[in-house]
Amino acid sequence: KKKVKPTNFVRAGGLQYITTATASAVASLDMVLTSYSAYRGLRFHLVNILPQTDDPILYMRLSTDGGSSYNATGYLAQVALQSSATVSVQSSTIGFQLTSSTGTGKVSNVAGEGGYTGHFDLWNFTSSTPYPRTNGLGSYYSASAGDVLCWFGGNFTTSRDTDAVQ
């Protein structure tokens, strides 16, 4: 039998690894995007994000000044959450919400429970039209709700040239 060698799919327009950022004992993780303006979109993989305190709400926020400040308003975002047989939808205008904002269903900070793991895509981040848009999928364990699966998406409500995410 003939062996087939794998093809480099990056040349064919597939995903391309760019960089890694590691957070340890910090409240947020900032990533400056100025080196990636040639890309139409970026995918971020978040693996075992363990919060310092129990039950935080995780958000992604955008910056236009290289990460000196991050917008806390201007988002039009939705997150759908499923735990056991319960499904809920929540809205946010203060950031792209990745987890539940209610008293139950937030991310546990117990190391053995794994924290938050998921990915999100950021599109149109260097273009003033159309507006920056994101979507993604994640999961985590909540002490009060058990395993939680979340889908999220939305856009920023004004034109902008995004050059950092938090």
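Given the structure is predicted, the values throughout are model-derived calculations rather than measurements. (Residues numbered from 1 in each chain as written. Predicted model: local features only at pLDDT ≥ 70, side-chain atom pairs only at ≥ 80, totals over all residues. Heavy atoms only, no water.)

What to know about the nonpolar core
With 27 residues, the main nonpolar core has Leu33, Phe44, Leu62, Tyr116, Leu122 and Val165 as its most contacted residues. Those elements giving two or more residues to this core turn out to be strand E2 (41–49), strand E5 (75–83), strand E8 (116–123) and strand E10 (146–156). Residues within four places of Phe44 in sequence aside, it is in contact with Met31, Leu33, Gly118, His119, Phe120, Leu122 and Val165. (Core = buried A, V, L, I, M, F, W, Y, C linked by side-chain atoms within 4.5 Å. Buried < 20%, exposed > 50% of the residue type's maximum accessible area, 1.4 Å probe, protein only. Helix = DSSP H or I, 4+ residues; strand = E, 2+ residues; numbered from the N terminus. Contact = heavy atoms within 4.5 Å.)

Section: a nonpolar patch on the surface
A cluster of nonpolar side chains, Leu137, Leu149 and Trp151, forms an exposed patch at the surface whose accessible area comes to about 240 Å². Checked against the element boundaries, Leu137 lands in strand E9 (residues 133–142). (Patch = residues over 30% accessible without salt bridge, like charges linked within 9 Å, V, L, I, M, F, W, Y side chains within 5 Å. Areas by Shrake-Rupley, 256 points an atom, 1.4 Å probe, with all protein chains shown as cover. Salt bridge = Lys/Arg side-chain N within 4 Å of Asp/Glu carboxyl O.)

Observations concerning the environment of Ala21
Position of Ala21 relative to the elements: it lies in the segment before strand E1 (31–32). Taking C-alpha positions, Ala21 is 7.6 Å from Met31, a pair spaced 10 residues apart along the chain. Those residues in contact with Ala21, other than ones at most four positions away along the chain, are Leu29 and Met31.

Describing the sheet that holds E5
Spatially, the 6 strands line up as an open sheet ordered E2-E8-E9-E10-E5-E6, and their pairing is antiparallel. Pairing within the sheet leaves two strands with one partner each, and these edge strands are E2 and strand E6 (86–92). On average, each strand axis in the sheet is inclined to that of its neighbour by 15 degrees, with strand direction left out of account. Across 10 bridges, the pairing between E9 and E10 is antiparallel. Each residue of the ladder has a partner; that of Gly136, found in E10, is Phe152. (Pairing = 2+ DSSP bridges. Axes fitted to C-alpha atoms, helices over the stretch in contact; angles between N-to-C directions.)

Quick word on the pairing of E5
Of the strand pairs in this sheet, E5 and E10 are connected by 8 bridges, and their pairing is antiparallel. Note on E10: the bridge partner recorded for Leu81 is Cys150. The hairpin turn running from E5 into E6, its antiparallel successor, is 2 residues long, and Ser84 in that turn takes a positive phi close to 50 degrees.

Describing the pattern of salt bridges
The final tally for this structure, using the stated rule, is 1 salt bridge. The salt bridge involving Asp121 is made with Arg43; its shortest N-O contact spans 2.6 Å. One end of the pair, Asp121, is in strand E8; the other, Arg43, is in strand E2, and 78 residues separate them in sequence. On the accessibility criterion, Asp121 (8% relative accessible area) is buried.

Comments concerning unusual backbone geometry
Positive phi, close to 50 degrees, is recorded for Asn48, a residue that is not glycine. The phi dihedral of Asn124 falls on the positive side, at around 60 degrees, and the residue is not glycine. With respect to the helices, strands and loops of the structure, Asn124 is situated in the loop between E8 and E9.

Describing the side chain of Ser83
Within the fold, Ser83 resides in strand E5. Note on Ser83: relative accessible area 15%, which makes it buried. Beyond its immediate chain neighbours, meaning those up to four positions away, Ser83 contacts Ala145, Asp147 and Val148.

Details of the side chain of Ser142
By secondary structure assignment, the location of Ser142 is in strand E9. A polar side-chain atom of Ser142 sits 3.1 Å from the main-chain carbonyl oxygen of Lys106. Other than its neighbours up to four places away in sequence, Ser142 contacts Gly105, Lys106, Ser108 and Val148. (Polar contact = N/O pair within 3.5 Å; in protein donor to acceptor, adjacent residues only side chain to side chain.)

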